[in-house]
Structures are given as structure tokens and as C-alpha cells.
Amino acid sequence: MIFLYNTLSRKKEELKPIHEGKIGLYSCGPTVYWFAHLGNMRSFLFTDILRRTLELNGYEVKQVMNITDVGHLTGDTDEGEDKMLVAMQRDGKTALEIAEFYTSAFMRDLERLNIKPANLFPKATAHIQDQIEMIVALEKNGFTYRTSDGIYFDTSKLADYGRLSGQKSQDKLAGARVEMGEKRHTTDFALWKFSPVGSKREMEWDSPWGKGFPGWHIECSAMSAKYLDVPFDIHTGGIDHIAVHHENEIAQTRGALGVLEANVWMHNEFLTVGDGKMSKSLGNLYTVEDLIAKGYDPLAFRYLVLGAHYRSKLNFTFEALEGAQNALKKLRDAVRSWDSPQGSCKEIEERFVAALNDDLNTPQALAIVWELLDCDEASGAKAKTILWMDRVLGLRLDEYVGRSLDVPVEVQKLVDERERARADKDWTLSDTLRKRVEELGFSIEDTDMGSKVKKM
Ligand code: AMP
Ligand code: ZN
């Protein structure tokens with residue numbers, strides 16, 4: 001049995017899959033106008049741990065993660081400029097170039113943090129027609145109205161609007177600054193925005209209502225219905241998405257298709273820096289690239305995130321990261337001397353999966369890993385169990401179990417990194433890494449079985 005905290009019911013619920021043995025999972029993905037920061041990566045690590053836990057329990061998971069490349073405005077309550085247009089002015093590039101550049105940077109970060117790629121990464125700009133069709137359905141069902149700048153969703157028409165955040169349509173965000181324009185209610189939101197009259201917008205499409213571009217929320221309703229069917233099992237995102245983005249997704253899917261979009265809504269807490277959330281607007285962000293530049297292993301960040309429950313705030317400091325990196329090193333060093341995987345430590349495995357199945361209690365799961373290290377079982381059995389645990393932990397322990405220290409850890413890491421670069425056909429990086437290995441006094445020979453490392 002798996003229990004997950006559902007924001008919709010505000011309690012832990014037993015997971016009851018819609019189709020036996022299968023889970024449909026939709027995760028709100030990145031807005032590709034800048035590098036994803038570590039706060040964003042915490043959100044994607046959370047969904048990765050969720051997915052891996054479901055898979056460890058034998059479920060076949062279909063995960064869809066959108067790539068937002070139009071429509072996400074700079075303001076947090078749906079006002080301001082399109083983030084992609086701001087990036088175009090900043091970088092002097094086309095929207096397509098920006099989206100491609102930051103999407104591939106994002107994919108590289110996923111790989112570095114050993115986050116499994118979603119089965120599908122649909123882009124908003126590649127699904128404009130699907131979004132238009134959904135707005136047409138909303139219009140037909142009487143949920144829309146027109147203003148001088150766009151087509152809006154009338155939230156007063158939906159009896160249970162506000163269900164997710166627990167705030168009613170009119171008083172929601174009371175006190176917060178909301179650009180009303182010609183909106184009828186504070187919570188109403190744009191489904192389609194018109195291009196400004198007389199000027200050609202860089203990203204605009206024809207629609208039944210004239211040239212323009214979709215609002216941010218409609219992409220997730222349209223693409224989740226297209227690729228997962230609705231309702232599907234689980235929808236994830238950061239807690240900042242509860243009040244606006246996810247509330248509005250639910251409203252659109254309900255209004256257009258008459259059903260609840262997803263049964264379980266899960267949200268990760270923030271990665272903070274001091275008192276504030278890590279965010280681009282606060283200017284307090286770090287990226288995976290920054291960690292590497294400072295000599296950290298990106299998986300130390302993964303370890304750090306595992307050490308906090310996803311519904312607790314996690315304050316990012318370099319001291320904490322240092323601690324995580326040391327713990328990871330200790331773990332890797334310990335498993336090096338173990339025999340080849342054989343047998344298993346059943347009781348520990350049972351407790352490990354029970355911790356994860358209790359709303360992804362990763363701090364407890366990590367504590368059980370350390371119990372395994374200290375227990376008296378045969379090392380082969382421990383090796384087998386830790387590799388099984390690593391299917392969720394994702395710390396790439398297979399690169400360390402049973403590998404003796406003839407080759408120093410730092411050299412082995414460079415060799416592993418080079419193998420990944422070669423798999424990605426990144427020959428420049430591969431050459432740079434070979435040189436660094438040679439500077440440390442080791443040579444690499446490429447064989448059919450992978451790289452062989454020798455003392456020079
Ligand atoms: P965005 O690229 O802004 O659409 O955000 C991608 C994901 O990161 C969303 O699920 C956000 O809720 C989440 N997110 C943004 N900032 C943080 C943070 N500081 N800590 C954790 N998650 C965050
Ligand atoms: Zn979304």
C-alpha cells in the first residue's frame with residue numbers, strides 16, 4: 001500500500017490507480033527562458049523520487065512533463081510580460097533559439113542529477129491547436145468572456161472553483177496585487193491573449209478570436225488530456241502552483257471536459273535561501289552548473305534533497321551541501337569493499353520501501369541505508385540490497401559497489417563522467433576529461449567493455 005499526501009483532500013490517502021498496475025503522472029515542467037535553478041531542480045527531484053518509488057512497487061509509470069515555451073508571464077498572478085519575450089530581448093535571440101538552448105541545458109541537468117527523463121516532454125508551442133480546441137470547448141460550455149485584450153475564464157461559473165487552495169473565487173488572493181483590467185473577478189484568468197493592435201508579436205498564432213497567444217495554464221490542461229487521458233492518477237508541481245496555476249488547470253479541464261483532471265495533487269515545498277524561496281526574481285539562485293564550478297558533485301545535491309521530506313522547506317547552504325557530499329563519499333567508500341551482489345537483506349528492504357510508501361519519507365529511507373551499512377549481514381547481501389535501494393535513491397552507487405580503490409575516487413569520477421560524455425557524443429568534453437585524468441597520472445584505454453584505467 002502506498003500513501004501519498006493529496007493537496008486536494010489535505011490528507012494522506014492510499015493510492016488507488018485508475019488502471020491496474022499503471023500510473024499516469026503529469027509533472028509541471030520548466031519555463032525554458034533561463035537555466036533551471038536548484039529550487040526548480042528540487043521539484044524535479046521530488047517527482048523523480050515519486051516515480052522511482054512507484055516503479056519500485058511494480059507500477060508502470062507514464063510520466064508527461066511539459067516544456068513551457070510561451071505564455072508564462074513574469075508576474076506571479078498572471079500579469080506582466082511573457083518570460084520568453086523578455087529573454088529574447090535579453091539574449092538577442094529568437095524564441096526558438098532560446099527555448100532550444102535552455103531545454104538542452106535542462107536535459108543536461110536532469111542527467112547530472114540522475115533524474116529519469118519523462119516519457120514525453122511536450123512543448124506548449126507545438127500544441128497550440130490542442131489549446132485552441134480546449135478554449136473552443138470552454139466557450140461552447142459557457143465558461144468564457146471576451147475583453148479588449150483576450151478571452152478569459154469566468155471562475156464564478158464553476159461552483160467548486162478554489163477547491164485545491166481552499167479559498168473561494170472572490171476572496172482568493174485578497175490583499176495581493178491583482179491586475180484587474182477588464183476582468184470580472186479577481187480569480188478570472190486569460191485563456192487566449194490578443195497580439196497588441198498594430199504591432200507584430202514575435203510569437204503569435206491565428207485563432208478563432210484573432211492573432212494572439214495562449215495563456216499559461218491552458219497548455220497543461222490540453223497536453224495532459226492529450227497524452228494521459230483525464231482523469232489521470234497524479235499531478236505534481238511546487239507549492240507556488242497550488243493557488244493559481246493548478247487551480248486554473250483544474251477549472252479548465254472541468255469546464256471543457258467535465259471531469260477532475262487528476263485524482264492526486266502533490267506539491268513540493270520550497271528550497272529556500274535564508275528567509276526567501278530560491279527564485280530568479282529574488283536573485284538568490286544557484287544552478288547545477290554553479291555547483292560543478294565550485295567542485296561539487298551534482299549528486300551531493302540529490303543526497304541533500306533526499307535528506308529532507310518533500311513537504312518541508314529545505315534551506316540551501318554550502319555547509320549543508322558539503323555535509324551531504326561527505327556523507328555521499330562515505331557511502332561510496334563503504335560499498336567499494338563489498339563482495340559481488342548476492343542474496344539480500346529482506347527485513348531492511350521491507351522497512352526501506354515502507355518508509356517511501358509513507359508519503360515518500362526519504363529522510364527515514366536514508367537512515368535505513370546507514371543501518372544497512374552498519375549491520376552484520378554478508379557484504380554480498382548488503383551490496384544486492386543497496387543496489388535495489390539505489391533504484392529510488394539514484395545515487396549511481398553501481399559505479400562504486402565492489403570497485404576497489406586502486407583507482408582514486410576523483411579519477412574514477414572523471415572516467416565515469418567521460419563515459420557519459422562519450423555516450424552523448426560530446427567529444428570535446430570527453431577529450432578534456434581524458435586530459436584531466438592524465439594530469440592525475442592515469443591513462444584511459446577504450447575497450448568494448450567500457451573504459452579501462454591504468455596508472456601511467
Ligand atoms: P518554473 O520553471 O518557474 O515553471 O518552475 C518549475 C518548477 O519549480 C515548478 O514546479 C515550481 O513550483 C518549482 N519551483 C520554483 N521555485 C522553487 C523553489 N525555490 N523550491 C522548490 N521548487 C520550486
Ligand atoms: Zn503546469
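Residues numbered from 1 in each chain as written. Chains lettered and ligands numbered in written order. Predicted model: local features only at pLDDT ≥ 70, side-chain atom pairs only at ≥ 80, totals over all residues. Heavy atoms only, no water.

Side note on the pairing of strand β7 (residues 189-194)
Stated formally: Residue exposure (1.4 Å probe, protein chains only): buried if accessible area is under 20% of the type maximum, exposed if over 50%, otherwise partly exposed. Numbering goes from the N terminus for both helices and strands, where a helix is a DSSP run of H or I of at least four residues and a strand is a run of E of at least two. Between any two strands, at least two bridges found by DSSP are needed for them to pair.
Of all the six residues making up β7, six are buried; the element is thus mostly covered by neighbouring parts of the structure. Pairing of strand β6 (residues 150-153) with β7 involves four bridges; the strand directions are antiparallel. If you follow Tyr152 over to β7, its bridge partner there is Ala190. Pairing of β7 with strand β8 (residues 212-214) involves three bridges; the strand directions are antiparallel. For Lys193, the partnering residue across the bridge sits in β8 and is Phe213.

Quick notes on the sheet that holds strand β13 (residues 314-315)
Spatially, β12-β11-β13 is the arrangement adopted by the three strands of the open sheet, whose pairing is mixed. Each having just a single partner strand, β12 (276-277) and β13 make up the two edges of the open sheet. By the bridge criterion, two bridges tie strand β11 (residues 271-273) to β13 in an arrangement that is parallel. Across the sheet, the residue bridging to Thr272 is Asn315, located in β13.

Observations concerning the site of ligand 1
Operational definition: The rule for a residue being near a molecule or strand is that one of its heavy atoms must lie within 4 Å of it. Think of a polar contact as two N or O atoms within 3.5 Å of one another; within protein, one of them needs to be a possible hydrogen donor and the other a possible acceptor, and neighboring residues in sequence only count if both atoms come from side chains. Residue burial considers only the protein chains on display, and all accessible areas are found by Shrake-Rupley using a 1.4 Å probe. All amino acids are sorted into three groups, where Ala, Val, Leu, Ile, Met, Phe, Trp, Tyr, Cys and Pro are nonpolar, Asp, Glu, Lys and Arg are charged, and the leftover types, Gly among them, are polar.
The local shell around ligand 1 holds 18 residues, among which Thr31, Gly238, Asp240, Leu271 and Met278 are the closest. One of the backbone nitrogen or oxygen atoms of Thr31 is found 3.0 Å away from an oxygen atom of ligand 1. Within the side chain of Asn40, one N or O atom sits 3.1 Å away from an oxygen atom of ligand 1. Relative to its unbound accessible area of 500 Å², ligand 1 is 94% covered by the protein chains. Secondary-structure elements contributing two or more residues to the shell around ligand 1 are α1 (38-56) and β9 (232-238). Ranked by residue count, the leading element in the shell around ligand 1 is α1, at four residues. A breakdown of the residues in the shell around ligand 1 according to their chemical character gives five nonpolar, 11 polar and two charged.

Quick word on the coordination of the zinc ion (ligand 2)
Rule in force here: Only nitrogen, oxygen and sulfur atoms within 2.8 Å of the metal, or 3.2 Å for Na, K and Ca, are treated as donors, and water is left out, so sites may look incomplete.
Note on the zinc ion (ligand 2): its protein donors are Cys28 (SG), Cys220 (SG) and His245 (NE2). The metal-donor distances range over 2.1 to 2.2 Å. All donors to the zinc ion (ligand 2) come from one chain, and their sequence spacing reads C-x191-C-x24-H. Separated by 217 residues along the polypeptide, Cys28 in the loop between β3 (22-27) and α1 and His245 in helix α6 (residues 242-257) bring together distant segments of the chain. On the basis of relative accessibility, which here comes to 7%, the residue Cys28 falls in the buried class.

Quick look at the pairing of strand β1 (residues 3-6)
Summarising the sheet, β1 and strand β2 (residues 11-14) pair through four bridges and their orientation is antiparallel. Within β2, the position partnered with Phe3 by the bridge is Glu14. Here β1 folds back onto β2 in antiparallel fashion, the turn holding four residues, of which Arg10 has a positive phi close to 60 degrees.

Topic: the layout of surface pockets
How we decide: Each cavity reported here is a set of points on a 1 Å grid over the protein atoms alone in which a 1.4 Å probe fits but cannot get out, each pocket an open set with protein on both sides within 12 Å along at least five of seven lines, and each lining residue one with an atom within 4 Å of a point. Grid points are joined across faces, edges and corners, and a volume is the space filled by probe spheres set on the points.
Taken as a whole, the second largest pocket encloses approximately 820 Å³ of empty space. If you trace the second largest pocket, you find 27 residues lining it, with Ile292, Pro298, Glu417, Arg420 and Leu433 closest to the centre. Taken together, the elements giving at least two residues each to the lining of the second largest pocket come down to α3 (95-112), α8 (298-306), α13 (409-423) and α14 (427-439). Among the elements that make up the lining of the second largest pocket, the one with the highest residue count is α13 (seven residues). Looking at the lining of the second largest pocket residue by residue, the class counts come to 10 nonpolar, two polar and 15 charged.

Overview of the packing of aromatic side chains
Formally: Note on aromatic pairs: the rings of Phe, Tyr and Trp (six-membered ring only in Trp) are paired at centre separations within 6.5 Å, and the planes decide the class, stacked below 30 degrees, edge-to-face beyond 60, tilted for the rest. A positively charged side chain is recorded as over a ring if its NZ (Lys) or CZ (Arg) lies within 6 Å of the ring centre. The angle to the ring normal must also be within 35 degrees.
Taken as a whole and assessed by the stated rule, the structure comprises 18 aromatic pairs. Ring geometry for Tyr26 against Phe232: centres 6.2 Å apart, planes inclined by 45 degrees, an arrangement best described as tilted. One end of the pair, Tyr26, is in strand β3; the other, Phe232, is in strand β9, and 206 residues separate them in sequence. The exposure class of Tyr26 is buried, given its relative accessible area of 0%. Here the aromatic cluster, defined as three or more aromatic residues joined through ring pairs, consists of Tyr286, Tyr296, Phe301, Phe316 and Phe318. Taking NZ or CZ as reference, Lys93 lies 4.6 Å from the ring centre of Phe101, over its face.

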